[in-house]
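Here are the chains, one letter per residue:
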Amino acid sequence: MSTTTGEAEKQAEVAGIRAKRRARVAWAFLTPALIVTAFVALYPLCDTLYLSLTNTRLGSEEPARFVGLSNYVELAHDGFFLDALLLTVFFAVITVVLELALGLGIALLLDARFKGRSAVRAAMLVPWAIPTAVSTQMWKWMYNDVYGVFNDVLVNRLGLLSEPIAFTADPRTSLPAAVLVDVWKTTPFVALLLLAGLQLIPRELYEAARVDGATRLQAFTRITLPLLRPALLVALVFRTLDALRVFDVFYVMFGSRPDMQTLATYAHEILVSISDVGYGSAVSTAIFLVIAVFIMIYVALFQRRET
Amino acid sequence: MKVRGVARRAAFGMAVVLLVVYLVFPFGWALVSSFKTNAELFSTPTRFWPEHPTLEHYRQVLANDDFLRAALNSVLVASSVTLVSLAIGALAAFALGRYRFRGRSIVLYVILSMTLFPQIAVLGALFQLVNALGLYNRLPALTLTYLVFTLPFTIWVLTGFLEAVPVEIEEAAYMDGASPLQLFAKIMLPLAAPGMVTTGLLSFIAAWNELLFALSFMQTPDKRTVTHAILSFSATTSSAFEVPWGQMMAASVLVTTPLVLLALVFQRRIIAGLTAGAVKG
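Because the structure is a prediction, the values reported are computed rather than measured.

1. Side note on the overall build of chain A
- Counting its secondary structure elements, chain A contains twelve helices and zero strands.
- Tracing chain A from N to C terminus, the helices and strands come up as α-α-α-α-α-α-α-α-α-α-α-α.
- Taking 19 Å as the expected radius of gyration for a compact globule of 307 residues, we find that chain A reaches 27 Å, considerably beyond that expectation.
- For the C-alpha atoms alone, the extent of chain A along its principal axes is close to 100 × 75 × 35 Å.
- With 307 residues in all, chain A has 50% of them scored as buried.
- Counting contacts in chain A only where the partners sit at least 6 residues apart, residues at least 24 apart contribute 66% of the total.
- Surface summary for chain A: the accessible area is close to 15600 Å², and the carbon and sulfur share equals 64%.
- Separation between the mean location of the 26 positive side-chain charges and that of the 25 negative ones in chain A comes to 12 Å.

Next comes the structure, spelled out in structure tokens:
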């Protein structure tokens, strides 16, 4: 009896040593990635938080001082910041709703089997692969008030407008112009995510529903939507995060036009053009907080439905 | 019944055609515009097709040293980022995919959360870091900082690939006396090759498309990347009064065609990579 306990103990000991050795090997393989992550992500994230509590300026002779929350107090009274906040949230809500609706439609369309489906799927990657800075230039050319193809079609061919619109200069059409570029660029990504989700739904479920006499609409609301929820949630989270940090479209389309600044273009302006690292870091942190609030809302909403 | 079926199929076909037109029109219009003469570009009503196709805009773009320099810079930055993140990412994915150890899930969560946080949130601190390292206005600054967004999904996707390798393969290698490093280099790396192609392509495209860091950390024209250079076209070219739309479209076509071709050739891999997070999450 005692010998078997001894052997069991010995075996456990050997297993323990092996587990420890394996853990050491694993950490050794992880080391480069951990160093880089700490260096370019974790440290900068903490440093941004700290800088936002100081009056650091790049190239300033005076040493930076700790100023507490005064940058945040200033933010709360900064009209440009509040405008940017409002515009960014508004932009995010519109684009995310449009992208999810359109993306779902496209995903349902491509879920059917038809000739040339893989060619259409390939075409979906075209807007995605083009750099946003470049595609915004392409759209600006189409938006051009005198020579743009949109005005040509709307005024000359269809006669829907009596005179051309300067889409990217007119305050009424500026935001929709930016929304269209973003929707064009990112809907394919949403559609591909949802299509992957759709293809995980077993076909037998639809057959069973048809046997039971369910209509197409019922099958959609009772089978497709509930089973697609994980994919919808992922698309929703990713798109919201991206929309709240939108930079390229607005920077390229509007430059430093004061009424068309997003949180990210405003932070960039203050950090890089004005070199006010302290205040700019406060704006950066605010973007982080806005994103955190959105994520908490999503988690709360989806958890409640779960129970 | 038959009529309804035909009508439905026609509507379906229309929807597909509309979708494809919507997806490729802006690129197509840039392509068509790039072959028009200035007289045709700047005439109303708009001509849809170039009557006298010309390569003049391409000639001008390719004679523009700043643009060529920017293209070279983008190639250098995007390939170096891709190589570094594949090397570091594969090592980390081997540890995360093949070993069970305390702290593993924390590491995975930290890496996943990196994909979620906005680049702008670390811009101020990275700006200082880049300056402190003496990298301001030097390309390695971009190679280093782009790892913020390429490394997380490289690790995430490759971990999935390596997790799927059957444990018998690993045991057989250890039986033959292989060290962990040999197991990694000789067996796991080749098995993860398809995943490396996917994540490599995604890294390359993400780096090629980046604007915010390129704009913030590079200053002089000779250090610009293509996304930055495409914005400065109006300032550098001949006539100061009008935007050189023809050259801009030619340049746009030149910097996007390689990416569009890559995306089309590797569409299956790219779609798999893009959707990997969704299926898992």
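Here the narrative resumes, following the displayed structure.
2. Brief notes about the overall build of chain B
- A count of helical and extended segments in chain B gives 15 helices and zero strands.
- In terms of overall dimensions, chain B is more spread out than a globule: its C-alpha atoms have a radius of gyration of 24 Å, far above the 19 Å expected for 281 residues.
- With the principal axes as the frame, chain B shows a C-alpha extent of 75 × 70 × 35 Å.
- A total of 281 residues make up chain B; the buried ones form 51% of that total.
- Pairs at least 24 residues apart make up 72% of the contacts formed inside chain B by residues separated by at least 6 positions.
- In the form shown here, chain B has an accessible surface area of approximately 12600 Å², with 68% of it arising from carbon and sulfur atoms.

3. Quick word on the environment of Phe25 of chain B
- If you trace the backbone, Phe25 of chain B turns up in helix α1 (residues 2-34).
- Discounting chain neighbours no more than four positions away, the residues touching Phe25 of chain B are Met142 and Val149 of chain A.

4. Structural notes on the nonpolar core
- Among the nonpolar cores identified, the biggest contains 179 residues, and Phe250 of chain A together with Tyr146, Phe217 and Ile270 of chain B are the most heavily contacted of them.
- Here the element with the most residues in this core is helix α7 (residues 171-198) of chain A; it accounts for 15 residues.
- Residue contacts for Phe250 of chain A: discarding those within four places in its chain leaves Leu87, Phe91, Leu175, Ala178, Gly255, Met260, Thr262 and Thr265 of chain A.

5. A look at the interface of chain B and chain A
- Taken residue by residue, the interface counts 91 residues in chain B and 89 residues in chain A.
- A combined buried area of about 8000 Å² lies between chain B and chain A, and 80% of that area is made up of carbon and sulfur atoms.
- Considering only the surface of chain B that becomes buried against chain A, Leu23, Ile120 and Trp245 of chain B emerge as the three largest contributors, covering 8% of it.
- Between chain B and chain A we count one salt bridge in total.
- Where Arg22 of chain A meets Glu170 of chain B, a salt bridge forms, and the shortest distance between an N and an O atom there is 3.6 Å.
- Seen at the junction of chain B and chain A, the total is nine residue pairs in polar contact (both at pLDDT 80 or more).
- In terms of residues, the side of chain B that touches chain A owes the most to one element, α1 of chain B, which gives 15 residues.
- Partitioning the side of chain B that touches chain A into residue classes produces 70 nonpolar, 16 polar and five charged.

6. Some remarks on the packing of aromatic side chains
Residue and element names in this part refer to chain A.
- Inspection of every chain in the model, using the stated rule, returns 29 aromatic pairs over all chains.
- On the basis of an interplanar angle of 80° and a centroid distance of 5.0 Å, the ring pair of Phe91 and Phe250 is categorised as edge-to-face. Linking Phe91 in helix α3 (residues 79-111) with Phe250 in helix α10 (residues 248-254), this pair joins segments that are 159 residues apart in sequence. No difference in accessibility class separates Phe91 from Phe250, as the two residues are buried.
- When the ring of Phe250 is compared with that of Phe254, the centres are 5.7 Å apart and the planes differ by 45°; the resulting orientation is tilted. Placement of the pair is Phe250 and Phe254 together in helix α10, with a separation of four residues, close to one helical turn.

7. As for the side chain of Asn73 of chain B
Residue and element names in this part refer to chain B.
- Following the sequence through the fold, Asn73 ends up in helix α4 (residues 65-98).
- Here Asp222 takes part through its backbone oxygen, which lies 2.9 Å from a polar atom of the side chain of Asn73.
- If sequence neighbours within four positions are ignored, Asn73 has contacts with Leu139, Asp222, Lys223 and Arg224.

Cut-offs and rules
- Residues numbered from 1 in each chain as written.
- Chains lettered and ligands numbered in written order.
- Predicted model: local features only at pLDDT ≥ 70, side-chain atom pairs only at ≥ 80, totals over all residues.
- Heavy atoms only, no water.
- Helix = DSSP H or I, 4+ residues; strand = E, 2+ residues; numbered from the N terminus.
- Rg over C-alpha atoms; globule rule 2.2 N^0.38 Å.
- Buried < 20%, exposed > 50% of the residue type's maximum accessible area, 1.4 Å probe, protein only.
- Contact = heavy atoms within 4.5 Å.
- Areas by Shrake-Rupley, 256 points an atom, 1.4 Å probe, with all protein chains shown as cover.
- Lys, Arg positive; Asp, Glu negative; His and termini not counted.
- Charge placed at Lys NZ, Arg CZ, Asp CG, Glu CD.
- Core = buried A, V, L, I, M, F, W, Y, C linked by side-chain atoms within 4.5 Å.
- Buried area = accessible area lost by both parts, 1.4 Å probe.
- Salt bridge = Lys/Arg side-chain N within 4 Å of Asp/Glu carboxyl O.
- Polar contact = N/O pair within 3.5 Å; in protein donor to acceptor, adjacent residues only side chain to side chain.
- Nonpolar A, V, L, I, M, F, W, Y, C, P; charged D, E, K, R; others polar.
- Phe/Tyr/Trp six-rings, centres within 6.5 Å; stacked < 30°, edge-to-face > 60°.

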